[in-house]
Amino acid sequence: MTDLHLGPTADYQCRDFNTLNAFKTVLEAFESNSNGKEVIVLTGDLASNAQPAAYQQLNKILSDKHQQAIWLPGNHDDMLLMKKHLSDFPYSPIYQDKHWAILMLDSSVAGQPGGEISSQQLVQLEINLERLKDMHILVAMHHSPVSVNSRWLDEHQISNHQKLHHLLAAHGNVKAVITGHIHQQYEINWRGIQVYSTPSTCFQFQENSDQFALSNKNPAYRWLDLHPDGLIETGIKRVDFLKG
């Protein structure tokens, strides 16, 4: 799930969406299809403007529902505030099970809408990929490392995407990258690495648009089934939700 854009109060609206109610609707749809073993991966912009109360609301909802969740920041978030207020879900750059590891990268740049992976993270990423060379790897980040055919969104593309790709491809076990930020479904093979972008749990951006524009598509989440042999099955589940 991604781009929740929660606000400080339960009645907060963004782009004419009550973002909290939209998220709850998406979460209910997820729960109705859950076997109780899934992990929710939250890929950034969990708050609309890094409001502490937004993170507190999210923490309570996920905790009350006994969900497993991992998260990373987007350009509307603040890592320090997230660590403080998502107290039941401590930040972890790696989630690992028997066959897979999910590596969580922070692509946010303070004060900027666009993304970049810091040099420090790239160094640590290389260490982690080498250490986990016998596992299948899923990489999660907020910003897209690829062009999505929308000029205004492509200006936000991860600036050092070529360096990032070289590092990911060199190890041979990175199966896919999942992202948020673009508020739409997008899937492409990034020179041997599959990239899956996820719609927002609230409002969506118009696809293939040179300028900012909203779509009338419904909120959604992406499901991923990670098989022991490295195969990934994935799809989008949209929910019915009325704005306001």
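Calculation rules
- Residues numbered from 1 in each chain as written.
- Predicted model: local features only at pLDDT ≥ 70, side-chain atom pairs only at ≥ 80, totals over all residues.
- Heavy atoms only, no water.
- 1 Å grid on protein atoms, 1.4 Å probe; cavity = no way out; pocket = protein on both sides within 12 Å on 5 of 7 lines; lining within 4 Å.
- Points joined across faces, edges and corners; volume = space filled by probe spheres on them.
- Helix = DSSP H or I, 4+ residues; strand = E, 2+ residues; numbered from the N terminus.
- Nonpolar A, V, L, I, M, F, W, Y, C, P; charged D, E, K, R; others polar.
- Core = buried A, V, L, I, M, F, W, Y, C linked by side-chain atoms within 4.5 Å.
- Buried < 20%, exposed > 50% of the residue type's maximum accessible area, 1.4 Å probe, protein only.
- Pairing = 2+ DSSP bridges.
- Axes fitted to C-alpha atoms, helices over the stretch in contact; angles between N-to-C directions.
- Contact = heavy atoms within 4.5 Å.
- Lys, Arg positive; Asp, Glu negative; His and termini not counted.
- Salt bridge = Lys/Arg side-chain N within 4 Å of Asp/Glu carboxyl O.
- Polar contact = N/O pair within 3.5 Å; in protein donor to acceptor, adjacent residues only side chain to side chain.
- Phe/Tyr/Trp six-rings, centres within 6.5 Å; stacked < 30°, edge-to-face > 60°.
- Parallel < 35°, antiparallel > 145°, perpendicular 65-115°, else oblique.
- Left-handed = near helix turned anticlockwise from the far one by under 90°.

Caption draft 1: View of the layout of surface pockets. Considering only enclosed or pocket space, the largest pocket measures out at about 790 Å³ in volume. In terms of lining residues, the largest pocket is bounded by 29 residues, among which E38, V39, L224, D225 and L226 are the most central. When residues of the lining of the largest pocket are traced back to their parent elements, those giving at least two are β3 (40-43), β6 (100-104) and β15 (220-226). The leading source of residues in the lining of the largest pocket is β15, at six residues. Its residues assigned to classes, the lining of the largest pocket shows 16 nonpolar, seven polar and six charged.

Caption draft 2: Representation of the nonpolar core within the structure. Counting residues in each nonpolar core, the largest one holds 35 residues, and the members touching the most others are L125, L129, I137, V139, L164, L168 and V177. Counting 27 residues, the second-largest nonpolar core is a separate cluster that includes M1, L6, V26 and A29.

Caption draft 3: Quick look at the sheet that holds strand β9 (residues 136-140). A sheet is described by the order of its strands in space; here six strands give the open sequence β5-β6-β9-β10-β12-β11, paired in mixed fashion. In this open sheet, the two edge strands, each paired with only one partner strand, are β5 (94-96) and β11 (186-190). Taking each pair of neighbouring strands and ignoring which way they run, the sheet shows an average axis angle of 20 degrees. Direction of pairing for strand β10 (residues 174-179) relative to strand β12 (residues 193-197): parallel, over a ladder of four bridges. Bridge pairing links V177 to V195 in β12. Relative to the sheet, helix α6 (residues 161-171) contacts β9, β10, β11 and β12, its axis offset from that of β11 by approximately 70 degrees.

Caption draft 4: Inspection of the side chain of D45 at higher detail. On the secondary structure map, D45 appears in the loop between β3 and α2 (52-64). R15 provides the closest opposite charge to the buried, salt-bridge-free D45, at an N-O distance of 10 Å. For D45, the side chain forms a polar contact with the main-chain nitrogen of N75, separated by 3.1 Å. In contact with D45, not counting residues within four places along its chain, are D3, L4, H5, P73, G74, N75, H76, D77, H142 and H181.

Caption draft 5: The arrangement of the packing of aromatic side chains in detail. Inspection of every chain in the model, using the stated rule, returns eight aromatic pairs. Judged by centre distance (5.5 Å) and plane angle (70 degrees), the rings of F205 and F212 are edge-to-face. Assessed through its relative accessible area of 9%, F205 is described here as buried. Looking at F212, the relative accessible area reads 39%, which means it is partly exposed. Taken together, the ring pairs in this structure connect F17, W152, F203, F205, F212 and F241 into an aromatic cluster.

Caption draft 6: Focus on the environment of N173. Here N173 shows up in the loop between α6 and β10. On the basis of relative accessible area, N173 is assigned to the buried category, the value being 6%. When residues no more than four places from it in sequence are discounted, the contact partners of N173 are L129, L132, K133, M135, H136 and I137.

Caption draft 7: Quick look at the packing of helix α1 (residues 19-32) against α2. Interhelical geometry of α1 versus α2 gives an angle of 25 degrees and a closest axis separation of 12 Å. In terms of orientation, α1 and α2 fall into the roughly parallel class. By crossing handedness, the relation of α1 to α2 is classed as right-handed. Along its contact with α1, which presents L20, F23, K24 and L27, the element α2 presents Q57, L58, I61 and L62. Across the contact of α1 with α2, the residue classes break down as six nonpolar, one polar and one charged.

Caption draft 8: How the structure looks around unusual backbone geometry. A positive phi is found at N149, a non-glycine position, where the angle reads about 65 degrees. Turning to its location among the elements, N149 is positioned in the loop between β9 and α5 (151-154). According to the relative accessible area criterion, N149 is partly exposed, its value standing at 46%.

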